[in-house]
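Here is what each chain is made of, one letter per residue.
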Amino acid sequence: MTTPLVLVTCRQMQVELPHHRQRIENLGFEVVAPDLGGRQQFTASELLEYAPRLVGIIAGDDELNRDFIHGAARLKTIIRWGIGMDSVDHEAATQRGVTVRNTPGVFSYEVADSAFGYILNLARGYIVVDAAVRRGEWPKVEGLTLAGSRLGIVGFGAIGREIARRGTAFGMEIVAFDPFVADAPTDVTLTDLESLMATSQFIVLACPLTSETFHLIDANCLAKARPDAYLVNVARGPVVLEADLIDALKAGRLAGAALDVFEIEPLPADSELRQLPNVILGAHNGSNTRQGVARASSAAVDFLIEELTR
């Protein structure tokens, strides 16, 4: 009988794999961590090369579509390292009886920290000042005081709540929109999206990518924002319709934006976002800390073993 195979394709999980490999192998599984090289993810066809023996996968943003799930006949479980689940064809997984899990709650601190890093940079212009000082200049950029300003959080799950805690510590007024949340701490006011957009100076997206949130932030939504508002996206790129965001930024209908994620990743070389001076660009790296990676990887292996030994 051939040895069942566990595939580890998430780059961050591969870094942590030496700490966990023996746990998996002791249960009778072979563990393979294919080299990503310069790529961000594997395609379904690449993953299917391992299909004959594949029973479990700890995946990153790989193409976990219907072709992959139906083509891997022995597959029992998909563990999506991290939080996002939008790369998985859940209908196909249900049809095949393949369990799908992520590692919820493991990056709440890290992503909230990143959101506030972006907020502080937008409010005080640190990146602009740094570049100017390196050129020999000595600018005096007039910034914004966070205390007393309104922070609007779209998506009030674990990450949204951590963002709110940081906002409260900065003395900000906090409002949040989440149709699936019925209660909030006393220092957070739940509101509708239109009111949040119209009244918040800093708008942070922390919602999952679903059919309901795809292009949630479009021209119609942005038209309701204050012209002195700043948008921060630490959720998923397609939550924002980038063409509409670019138009709003170029027209001065929005003061600025900080984007950790994009509709297409890596950000295309010809994206207009690269040319806009009022935009801070990230690299979908908001959760990537040493502690966070270790925490998520341990949880991913725990869940993998739990599913494969049922």
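Look above for the structure.
Residues numbered from 1 in each chain as written. Predicted model: local features only at pLDDT ≥ 70, side-chain atom pairs only at ≥ 80, totals over all residues. Heavy atoms only, no water.

A. Focus on unusual backbone geometry. In the segment running from E265 into P266, the intervening peptide bond is cis, with an omega of -5 degrees. Following the sequence through the fold, P266 ends up in the loop between β11 (256-259) and β12 (279-281). The residue H215 is not glycine, and still its phi comes out positive at about 55 degrees. Secondary-structure assignment places H215 in the loop between β9 (202-205) and α10 (219-222). Phi angles above zero are rare outside glycine, and H284 is one such case at about 45 degrees. Inspection of the secondary structure puts H284 in the loop between β12 and α12 (290-308). (Helix = DSSP H or I, 4+ residues; strand = E, 2+ residues; numbered from the N terminus.)

B. Spotlight on the sheet that holds strand β10 (residues 230-233). The sheet built from seven strands is open, its strands ordered β8-β7-β6-β9-β10-β11-β12 with parallel pairing. Edge positions in the open sheet fall to β8 (188-190) and β12, since each of these has one partner strand only. Neighbour-to-neighbour, the strand axes of this sheet turn through a mean angle of 15 degrees, independent of strand direction. The sheet strands contacting helix α6 (residues 108-124) are β6 (150-154), β9, β10, β11 and β12, and the helix crosses β10 at an angle near 155 degrees. Lying over the sheet, helix α8 (residues 158-169) contacts β6, β7 (173-177), β8 and β9, oriented at roughly 175 degrees with respect to β6. (Pairing = 2+ DSSP bridges. Axes fitted to C-alpha atoms, helices over the stretch in contact; angles between N-to-C directions. Contact = heavy atoms within 4.5 Å.)

C. Quick look at the side chain of D62. Checked against the element boundaries, D62 lands in the loop between β3 (54-59) and α4 (66-71). Buried within the structure, D62 lacks any salt-bridge partner; its nearest side chain of opposite charge belongs to R80, at an N-O separation of 7.1 Å. Here the side chain of D62 touches T9 through a polar contact of 2.4 Å, side chain to side chain. Filtering out sequence-adjacent residues up to four positions away, D62 remains in contact with T9, Q41, F42, L47 and S87. (Buried < 20%, exposed > 50% of the residue type's maximum accessible area, 1.4 Å probe, protein only. Lys, Arg positive; Asp, Glu negative; His and termini not counted. Salt bridge = Lys/Arg side-chain N within 4 Å of Asp/Glu carboxyl O. Polar contact = N/O pair within 3.5 Å; in protein donor to acceptor, adjacent residues only side chain to side chain.)

These figures come from the coordinates and say nothing about function on their own.
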